[in-house]
Amino acid sequence: RLFGCQGASYLLGLALLTVAPILFISSYGAEADIVVTAILGALFYYLTKYAAAPAAAGTRDVVVIGVLAGLAMATKYSGLTGLATAGLVMGFQLLRGSGLRRTVGHGIAILGLCLAVGGWKYVDNVGRYGQVFHANGSASEGLSLDARDEGADYEFTTLRLAALARLFGRDAPPGDLTT
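The model shown is predicted, which means the values in this text are computed figures rather than measured ones.

Participant: Describe in detail the packing of helix α2 (residues 32–52) against helix α4 (residues 80–96), supporting the description with residues and values.
Facilitator: When two helices pack together, their arrangement is captured by the angle between the axes and the distance separating the axes. Relative to each other, α2 and α4 sit at 5°, their axes nearing to 10 Å. The orientation of α2 with respect to α4, classified from their angle, is roughly parallel. Every residue of α4 that contacts α2 at L40, L43, F44, L47, Y50 and A51 is listed here: T81, G82, T85, A86, V89, M90, Q93 and R96. Taken together, the residues that form the contact of α2 with α4 break down as 9 nonpolar, 4 polar and 1 charged.

Participant: Talk me through the nonpolar core; I want residue IDs and the actual numbers.
Facilitator: Core analysis: the largest hydrophobic core is formed by 23 residues, its most contacted members being L43, L47 and I65. For this core, the secondary structure elements donating two or more residues are α2, α3 (59–75), α4 and α5 (100–118). Looking at this core, the element that brings in the most residues is α2, giving 9 residues. Leave out the neighbours within four places in its chain, and L43 touches I65, L68, A69 and G82.

Participant: Describe in detail the environment of T81, supporting the description with residues and values.
Facilitator: Mapped onto the fold, T81 is located in helix α4. Sequence separation of T81 and L40 is 41 residues, and the distance between their C-alpha atoms is 8.4 Å.

Participant: Go over a nonpolar patch on the surface with me, naming the residues and quoting the values.
Facilitator: Taken together, the side chains of L159, L161, L164, L167 and F168 present a nonpolar region at the surface, about 550 Å² in accessible area. Looking at where L159 falls in the secondary structure, it is placed in the loop between α7 (139–142) and α8 (161–168).

Participant: Outline the packing of α3 against α5, supporting the account with residue identities and numerical values.
Facilitator: α5 packs onto α3 with a crossing angle of 40° between their chain directions and a minimal axis gap of 7 Å. Seen from above, α3 lies across α5 with right-handed handedness. Facing V62, V63, I65, G66, V67, A69, G70, L71, M73 and A74 of α3, the residues of α5 in contact are H106, A109, I110, L113, C114, L115, V117 and G118. Across the contact of α3 with α5, the residue classes break down as 14 nonpolar, 4 polar and no charged.

Participant: Residue-level account of the packing of aromatic side chains, with values.
Facilitator: Applying the stated criterion across every chain, the model contains 4 aromatic pairs. Note on Y45 and Y46: the rings are 5.0 Å apart at their centroids and 85° apart in plane angle, and the pair reads as edge-to-face. Take Y46: its relative accessible area is 18%, and that puts it in the buried class. Ring geometry for Y77 versus F133: centroids 5.2 Å apart, planes at 90°, classification edge-to-face. Residue Y77 is located in the loop between α3 and α4, and its partner F133 is located in the loop between α6 (120–129) and α7; the two are separated by 56 residues in the primary sequence.

Conventions used here
Residues numbered from 1 in each chain as written. Predicted model: local features only at pLDDT ≥ 70, side-chain atom pairs only at ≥ 80, totals over all residues. Heavy atoms only, no water. Axes fitted to C-alpha atoms, helices over the stretch in contact; angles between N-to-C directions. Helix = DSSP H or I, 4+ residues; strand = E, 2+ residues; numbered from the N terminus. Parallel < 35°, antiparallel > 145°, perpendicular 65-115°, else oblique. Contact = heavy atoms within 4.5 Å. Nonpolar A, V, L, I, M, F, W, Y, C, P; charged D, E, K, R; others polar. Core = buried A, V, L, I, M, F, W, Y, C linked by side-chain atoms within 4.5 Å. Buried < 20%, exposed > 50% of the residue type's maximum accessible area, 1.4 Å probe, protein only. Patch = residues over 30% accessible without salt bridge, like charges linked within 9 Å, V, L, I, M, F, W, Y side chains within 5 Å. Areas by Shrake-Rupley, 256 points an atom, 1.4 Å probe, with all protein chains shown as cover. Salt bridge = Lys/Arg side-chain N within 4 Å of Asp/Glu carboxyl O. Left-handed = near helix turned anticlockwise from the far one by under 90°. Phe/Tyr/Trp six-rings, centres within 6.5 Å; stacked < 30°, edge-to-face > 60°.

Have a look at this one:
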């Protein structure tokens, strides 16, 4: 509200502000979550700018939104939220009745650029694995308490406080915390 944003622009700006702490807290290393958060933060900025003044949006703005959405989806599956958010912004513009041809044209350009930049991984997944979204397993399998793999490197279902306390004591065993 400080910059005079209202409605959808205010919500998108708020989304951008909620992303910023994740980048600060996790800036110790460039992993996929951090990279996609940075990309989505930039994308939300441009989407907020677009939503605030769609008539003033030029070709450069549309290209930046499409490329950022594509980079986000290429970085991590959760980056698809960028494309979905861009679609919502375009949908709101259509509902508001502001420039039907312009909005549809911008939406098609954003989608095309996004797929051109980030769609290769999904095509590769279909070619290699026969499915668009390929992962080591589903989230429900990873969080299941029934079918645990006892030989797995990581085990999150048992809390061993005494063992954890030994890792931080004066007589802590040598080695990395992960071992």
